[in-house]
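If you want the building blocks of each chain, they are given just below.
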Amino acid sequence: VQLQASGGGLVQAGGSLRLSCRHSGSWFTIDKMAWYRQPPAKVRELVASIGRDDTTNYADSVKGRFTISRDTDKNTLFLQMNSLKAEDTATYYCYARDTYFSGATDDYWGKGTQVTVSS
């Protein structure tokens, strides 16, 4: 599975950005997709995830501001980011997990896209 993220950029605090991640996998085996981020000199952290049944999960720091969604026809994952703060500055990574009938899993990561929020 290949993941291609886009949509990062420079935005002022309070602004919005929409990240996209196009994947080459199949929704039949991908049971989870997510956005992670890694701020400068910090560890990578989960931002939001979405399951095959569209169940979503958000980090407390982004609840009410970010929305994760997917377009199954276009094989694309989105992250709508509103009311951006300086602390949202990070490299954002798209993630996908394949779970096979056997129970085995494969994890996939896209190249990061930089989001910079100026205060």
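Residues numbered from 1 in each chain as written. Predicted model: local features only at pLDDT ≥ 70, side-chain atom pairs only at ≥ 80, totals over all residues. Heavy atoms only, no water.

Asker: Help me understand the overall build of the protein chain in this model?
Answerer: A tally of helices and strands in the protein chain yields 0 helices and 11 strands. When the helices and strands of the protein chain are read in sequence order from the N terminus, they spell out β-β-β-β-β-β-β-β-β-β-β. In summary, the protein chain has a C-alpha radius of gyration of 14 Å against a globular reference of 14 Å for 119 residues, a match within 12%. A principal-axis box enclosing the C-alpha atoms of the protein chain has dimensions of 50 × 25 × 25 Å. Burial analysis of the protein chain (119 residues in total) assigns 45% to the buried set. Partitioning the intrachain contacts of the protein chain with sequence separation of at least 6 by distance along the chain shows that 51% fall at a separation of at least 24. As presented, the protein chain carries roughly 6500 Å² of accessible surface, and 47% of it is formed by carbon and sulfur atoms. Each charge class in the protein chain was averaged separately, 14 positive and 12 negative side chains, and the resulting centres sit 5 Å apart. (Helix = DSSP H or I, 4+ residues; strand = E, 2+ residues; numbered from the N terminus. Rg over C-alpha atoms; globule rule 2.2 N^0.38 Å. Buried < 20%, exposed > 50% of the residue type's maximum accessible area, 1.4 Å probe, protein only. Contact = heavy atoms within 4.5 Å. Areas by Shrake-Rupley, 256 points an atom, 1.4 Å probe, with all protein chains shown as cover. Lys, Arg positive; Asp, Glu negative; His and termini not counted. Charge placed at Lys NZ, Arg CZ, Asp CG, Glu CD.)

Asker: How should the environment of Ser49 be read in this particular structure?
Answerer: Within the fold, Ser49 resides in strand S5 (residues 45-51). The class of Ser49 is buried, set by a relative accessible area of 8%. Spatially, the C-alpha atom of Ser49 lies 9.7 Å from that of Leu79, the residues being 30 residues apart in sequence.

Asker: Sorry, what's going on with the nonpolar core here?
Answerer: Note that soluble globular proteins tend to have their nonpolar side chains buried in a common cluster. Ranked by internal contacts, the top residues of the largest apolar core, which has 29 residues, are Met33, Trp35, Leu79, Met81 and Tyr92. Of all the secondary structure elements, the ones that give two or more residues to this core are strand S1 (3-6), strand S3 (17-23), strand S4 (30-38), S5, strand S7 (66-71), strand S8 (76-81), strand S9 (90-99) and strand S11 (113-118). Among the elements that make up this core, the one with the highest residue count is S9 (4 residues). (Core = buried A, V, L, I, M, F, W, Y, C linked by side-chain atoms within 4.5 Å.)

Asker: Would you mind showing me how to read the environment of Gly110 here?
Answerer: Looking at the element boundaries, Gly110 is found in the loop between strand S10 (105-109) and S11. Measuring from C-alpha to C-alpha, the distance between Gly110 and Tyr58 comes to 19 Å, with 52 residues separating the pair along the chain. If we ignore the near neighbours within four places in the chain, the residues touching Gly110 are Leu3, Tyr93 and Cys94.

Asker: Looking at this structure, I do not really get the sheet that holds S3. What am I missing?
Answerer: What holds strands together in a sheet is hydrogen bonding between their backbones, with the strands either parallel or antiparallel. Ordered by their spatial adjacency, 4 strands build an open sheet running S1-S3-S8-S7, and the pairing between neighbours is antiparallel. At either end of the open sheet lies a strand with only one pairing partner, and these are S1 and S7. When the angles between neighbouring strand axes are averaged without regard to direction, this sheet yields 15 degrees. Here S1 runs beside S3; their pairing, made up of 4 bridges, is antiparallel. What sits directly across from Ser6, in S3, is Ser20. (Pairing = 2+ DSSP bridges. Axes fitted to C-alpha atoms, helices over the stretch in contact; angles between N-to-C directions.)

By themselves, these observations are geometric and do not establish any function.
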